[in-house]
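What the coordinates show
The residues making up each chain are set out below.
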Amino acid sequence: MSSVDFRTPLAAFGPDSFEHEQVVLCQDPASGLKAVIAVHSTALGPGLGGTRFRTYPGDDEAVTDALNLSRGMSYKNAMAGLDFGGGKSVIIGDPARLKSEELLLAFGRFVASLGGRFITGCDLGTDVSDMDVVGRVCRWIVTRSRKTGGTGDPSSSTALGLVHGMRAAAGHRWGAPSLRGRTVGVAGVGKVGHLLVERLVHEGARVVVTDLLEEPVRRVVEKFRQVAVVDDTESLIRLPGLDIYAPCALGGALDEAVVPVLTAEIVCGAANNQLSHPDVEQQLADRGILYVPDYVVNAGGAIHATGDLRGRSPSQVTAEVDRIFDTTRAVLEHAESGGLLPGEAADRIAEQRIAAAAGERRS
Ligand code: NAD
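Residues numbered from 1 in each chain as written. Predicted model: local features only at pLDDT ≥ 70, side-chain atom pairs only at ≥ 80, totals over all residues. Heavy atoms only, no water.

**Looking at the nonpolar core**
This is how it is decided: Only buried Ala, Val, Leu, Ile, Met, Phe, Trp, Tyr and Cys residues count toward a nonpolar core, and they belong to the same one when joined by side-chain atoms within 4.5 Å. Residue exposure (1.4 Å probe, protein chains only): buried if accessible area is under 20% of the type maximum, exposed if over 50%, otherwise partly exposed. Comment: elements are numbered from the N terminus, with helices defined as DSSP H or I runs of at least four residues and strands as E runs of at least two. Those domain boundaries reflect an automatic or database domain assignment. Contacts are residue-level and defined by heavy atoms, with any inter-residue pair within 4.5 Å sufficient.
Judged by nonpolar contacts, the single largest core of 37 residues is most densely connected at Leu33, Ile37, Ile91, Phe107 and Ile303. Every element with two or more residues in this core is listed here: β1 (22-28), β2 (33-41), α3 (101-113), β6 (118-119), α4 (128-134), α11 (300-305) and α12 (314-322). With six residues, the top contributor of residues to this core is α3. When we break this core down by domain, the ones giving at least three residues each are domain 1 (10-70 + 87-148) and domain 2 (155-353). Not counting chain neighbours up to four residues away, the residues in contact with Phe107 comprise Leu33, Ala35, Ile37, Thr51, Ser89, Ile91, Thr120 and Val134. Core analysis: the next-biggest nonpolar cluster, separate from the first, contains 32 residues, Ala170, Val197, Val217 and Phe224 among them.

Shown next, in the form of structure tokens:
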């Protein structure tokens, strides 16, 4: 049965593979579950990251995604000042076809078997009701529904953090931390994108959206009649007068094809791992485009998701998300003063914190 055929060669893990502390390949033929759990680092605390449920061209791509995303979570959590390491899991397959209670429970048992080294919550393709199911067999779950005592969906905090990141970037680039009158293009108006549009409209920005699906776009324009729509991301990135481009769909949004035609002066979005390749940030800088590192500005979700674990009240969580403005500004200033790209500056800050924690643990 091909759905349980795990033959990912070790070589496919790529050159960064041995940065990771633990990678678990999970399968449960009875439910059709095939998943990858990657724990990148527990230096700062248990590996924390969402569970993504989607199809992949092949198992290698799923493993690579889990490895990259878990690494990104180590940096995101460190940058946000959270005492959590980095982890991520992916469930392979089409959630619309494959998702079942049996499968989610099987997945929860795998997460439980790690004994708290990995804590997970919802991500692309999973939602709070899924985490309620997983949480029946596993303690190490965040973003359960509010009715079960969880923090609920973290997307509103992610959107709030993004707006702070955009304002800080606007201040850095244009001298005033305001989005009023700026044109912001949002690619992907799902959970985060929709709430981002709402906040941008409130900030007085002009908003242009696109999505692969009609339904999310319809929901946006029904609510915000002033929002403009373009057919696809290709049209959005080429739009004359675009000030800020916000990739809010999948990773890899910025590549060699996008950079030369992108009209925006700032890139600041929710998607994880936006750079298809590390060189892309230099190419953006060469064109004078300011890239705001994704994990710096999309940390609101992780801050929100762990609020109850950390004993924070909702207002304390909001105050922590508000600090993304200062964090973004500090990263951009550090980059400018050090002659670094923002991504390099952010990585150095995060790596210092992880290394210090790892050192403390050893001593
Ligand atoms: P979502 O699945 O709710 O929304 C994604 C949207 O993007 C969907 O409407 C989908 O149709 C659209 N889309 C997919 N491919 C597209 C394409 N090629 N062009 C245009 N639109 C496309 O997901 P979400 O929770 O809103 O998350 C969006 C991104 O932000 C993801 O990369 C996620 O990992 C990241 N993120 C989310 C959170 C959170 O709190 N939800 C936190 C941090 C990071």
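Structure's up, so let's keep going.
**Notes on the environment of Gly161**
Relative to the elements of secondary structure, Gly161 occurs in helix α5 (residues 155-174). Through-space distance from the C-alpha of Gly161 to that of Arg146 is 21 Å; in sequence the pair is 15 residues apart. If we skip the residues at most four places from it in the chain, Gly161 touches Val297, Val321 and Ile324.

**Observations concerning α3**
Put simply, the rule reads: Residue count minus one, scaled by 1.5 Å, sets the expected span of a helix.
With 13 residues, α3 extends 18 Å between its outermost C-alpha atoms, agreeing within 8% with the 18 Å of an ideal straight helix rising 1.5 Å per residue. Those residues of α3 that fall on the buried side of the exposure criterion are Leu103, Leu104, Leu105, Ala106, Phe107, Gly108 and Val111. After α3 finishes, the residue Gly115 shows a positive phi value of roughly 60°.

**Remarks on the site of the ligand**
Definition in use: The near set for a molecule or strand comprises every residue that places at least one heavy atom within 4 Å of it. Polar contacts, as used here, are pairs of N or O atoms within 3.5 Å; protein pairs need one atom able to donate a hydrogen and one able to accept it. Residues neighboring in sequence count only if both atoms are side-chain atoms. Computed with a 1.4 Å probe, the accessible areas rest on the Shrake-Rupley method; for each residue, only the protein chains presented here act as cover. In this classification, Asp, Glu, Lys and Arg are treated as charged, Ala, Val, Leu, Ile, Met, Phe, Trp, Tyr, Cys and Pro as nonpolar, and every other residue, Gly included, as polar.
Within the structure, the ligand sits among 22 residues, and Arg52, Thr158, Val192, Asp211 and Ala249 are positioned closest to it. In this structure, Arg52 approaches the ligand through a side-chain N or O atom, which is 2.7 Å from an oxygen atom. At 3.3 Å, a backbone N or O of Ala270 approaches an oxygen atom of the ligand. For the ligand, whose free accessible area comes to 830 Å², the fraction covered by protein is 83%. The set of elements that each furnish at least two residues to the shell around the ligand consists of α5 and α6 (191-202). Each residue belonging to the shell around the ligand can be placed in one class, and the counts come to ten nonpolar, seven polar and five charged. When residues are assigned to domains, the shell around the ligand turns out to be shared by domain 1 (10-70 + 87-148) and domain 2 (155-353), each giving three or more.

**Overview of the pairing of β1**
So the rule is basically this: Pairing between strands is defined by DSSP: at least two bridges between the two strands are required.
In terms of strand pairing, β1 meets β2 through seven bridges, oriented antiparallel. Pairing of Cys26 across the sheet is with Ala35, part of β2. Where β1 folds back on β2, the antiparallel hairpin that results is connected by four residues, among which Gly32 adopts a positive phi of roughly 85°.

**Here we look at the domain arrangement of the protein**
To keep it simple, the criterion reads: Put simply, buried area is the surface a 1.4 Å probe can reach on two separate parts but cannot reach once they are joined, added for both. Salt bridge, as used here: a side-chain nitrogen of Lys or Arg that lies within 4 Å of a carboxyl oxygen of Asp or Glu.
Annotation of the protein at the domain level lists domain 1 (10-70 + 87-148) and domain 2 (155-353). Summarising the inter-unit geometry, the C-alpha centres of domain 1 and domain 2 are found 25 Å apart. At the junction of the two partners, domain 1 supplies 14 residues and domain 2 supplies eleven residues. Here domain 1 meets domain 2 over a buried area of about 890 Å², counting both sides, of which 64% is carbon and sulfur. Per-residue buried area on domain 1 facing domain 2 is highest for Leu44, Leu48 and Val142; these three make up 37% of the total on that side. The interface formed by domain 1 and domain 2 holds zero salt bridges in total.

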